[in-house]
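Notes for the structure review
As a plain string of letters, each chain reads:
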Amino acid sequence: VTGLKITGHFLAGELPPKLISRQEVEQIHSGTATGAGMKFDITEHKDIDDFYRWLKSPQGNYTHMPGQWAAFAPLWHFNPGHALFDGLYPIFVSMMLWGLQDAQFTFYLLCGGCSEAIVEKQLPGSYATREKIYAKFAGLGSLRSGDAPPIGLMDDVVFGIGNNGQKTDHSV
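Residues numbered from 1 in each chain as written. Predicted model: local features only at pLDDT ≥ 70, side-chain atom pairs only at ≥ 80, totals over all residues. Heavy atoms only, no water.

**Things to note about the overall build of the chain**
In plain terms, the rule: By the criteria applied, helices consist of DSSP H or I runs no shorter than four residues and strands consist of E runs no shorter than two, each listed in order from the N terminus. A 1.4 Å probe rolled over the protein chains alone gives each residue an accessible area, and that area as a share of the maximum for its type sets the label: buried under 20%, exposed over 50%, partly exposed in between. Contacts between residues were defined by any pair of non-hydrogen atoms, one from each residue, lying within 4.5 Å. Here, Shrake-Rupley sampling with a 1.4 Å probe gives the accessible areas, and only protein chains in the shown set may cover a residue.
When its secondary structure is counted, the chain shows five helices and six strands. Across the 172 residues of the chain, 33% fall into the buried class. Sequence separation of at least 24 residues holds for 80% of the intrachain contacts in the chain that already meet a minimum separation of 6. Of the roughly 10,200 Å² of accessible surface on the chain, a fraction of 56% belongs to carbon and sulfur atoms.

Below, the structure is given as C-alpha cells:
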C-alpha cells in the first residue's frame, strides 16, 4: 500500500495505555510486507480546543466515518487459509485484547485495490469473496482503503494485528 498515511489523534497526556510509542510503530511496520509504503503517525493536541482548530483547518478537511473500525492489511487473502488465519483471526484477537470481541464493527482493509491482476485472472472474484466473509463477520461491512475518502475521521479504531498471527499468538 504505497502512500497510505494513518494518523492517530490524541489529547496530550491521554494516549491509551495499550498504545505503543511512535518509534515502535515505525520499527514494526517499516520493513514488513504488509506495512511497506504506509506511513504511521501519532499527533498529540495540547487540548480539545487545539484539536477542534485542527478539524477546522485545511489539513482537517475530513469525512466522518462513524462507529467502531478494525484496520488491518490482509495478506494474500485470495486464499481462504490466508484470509482466515493471517487476516481474520489476528484482527479478531486484537479486538479481543481490547475487550471488543462482541462489538459490531467495520473492517478497514489496508490494501488499496486489494487484488493482484494475475490472481484475479486465474481465480476471478477470489478477493471479493473473502472480503464478503470479512464484512459478514464484522457485522457492519468492510471498506478497502483505496475506496475510502482521502481523509477519514474514525470514531474508534483498533489498528493492526501486531503479533497476533496464528504462528506467533500465545496470548489467548
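Back to the write-up after that little detour.
**Observations concerning the sheet that holds strand 5 (residues 139-144)**
Condition: Any two strands with at least two DSSP bridges between them are considered paired. All axes here are fitted lines through C-alpha atoms, helices being fitted over the stretch that makes contact, and every angle between N-to-C directions spans 0 to 180 degrees.
Overall, parallel pairing links the four strands, which are arranged 5-4-3-6 in an open sheet. What marks the edges here is a single partner per strand, and that holds for strand 5 and strand 6 (152-159). Across the sheet, the mean angle separating the axes of adjacent strands is 35° when strand polarity is ignored. The sheet contact formed by strand 3 (residues 63-72) and strand 6 spans seven bridges and is parallel. Paired with W69 across the two strands is V157, which belongs to strand 6. Each of strand 3, strand 4 (105-109) and strand 5 touches helix 5 (residues 126-138); the most contacted strand, strand 5, lies at about 140° to it.

**With respect to the environment of Y134**
Looking at the element boundaries, Y134 is found in helix 5. When the C-alpha atoms of Y134 and L88 are compared, they prove to be 7.0 Å apart, with 46 residues separating the residues in sequence. Each residue touching Y134, except ones within four places of it in the same chain, is listed here: F72, P74, H77, A83, G87, L88, F107 and L109.

**So, the confidence of the model for the chain**
What counts, and what does not: Confidence of the predictor in every single residue is expressed as pLDDT, which spans 0 to 100.
Scored by pLDDT, the chain has a mean of 76; 73% of the residues are at 70 or more. When the criterion is pLDDT under 50, residues 26-36 qualifies, and its contacts beyond four places in sequence or with other chains add up to ten contacts. The model gives residues 167-172 a pLDDT under 50, and that stretch makes eleven contacts with residues more than four places away or in other chains.

**Structural notes on helix 2 (residues 48-56)**
The following threshold applies: When we speak of the arc, we mean the arc of directions from the helix axis to the C-beta atoms. Polar contact criterion, stated in full: a pair of N or O atoms within 3.5 Å, where within protein one must be able to donate a hydrogen and the other to accept it, and residues adjacent in sequence count only if both atoms are side-chain atoms.
Within the sequence span of helix 2, burial applies to F51, W54 and L55. One side of helix 2 holds all its buried residues, which, seen down the axis, span an arc of 100°. The N-cap residue of helix 2 is D47: its side-chain oxygen and the backbone nitrogen of D49 are 3.1 Å apart.

**With respect to the pairing of strand 4**
Burial of strand 4 is extensive: five of the five residues sit out of reach of the surface. Both faces of strand 4 are covered, namely the face carrying F105, F107 and L109 and the face carrying T106 and Y108. The pairing of strand 3 with strand 4 spans four bridges and is parallel. Residue pairing for strand 4: A70 is matched across the bridge by F107. Sheet topology note: the strand 4/strand 5 ladder contains four bridges and is parallel. Each bridged residue has a counterpart across the sheet, and for Y108 the counterpart in strand 5 is L143.

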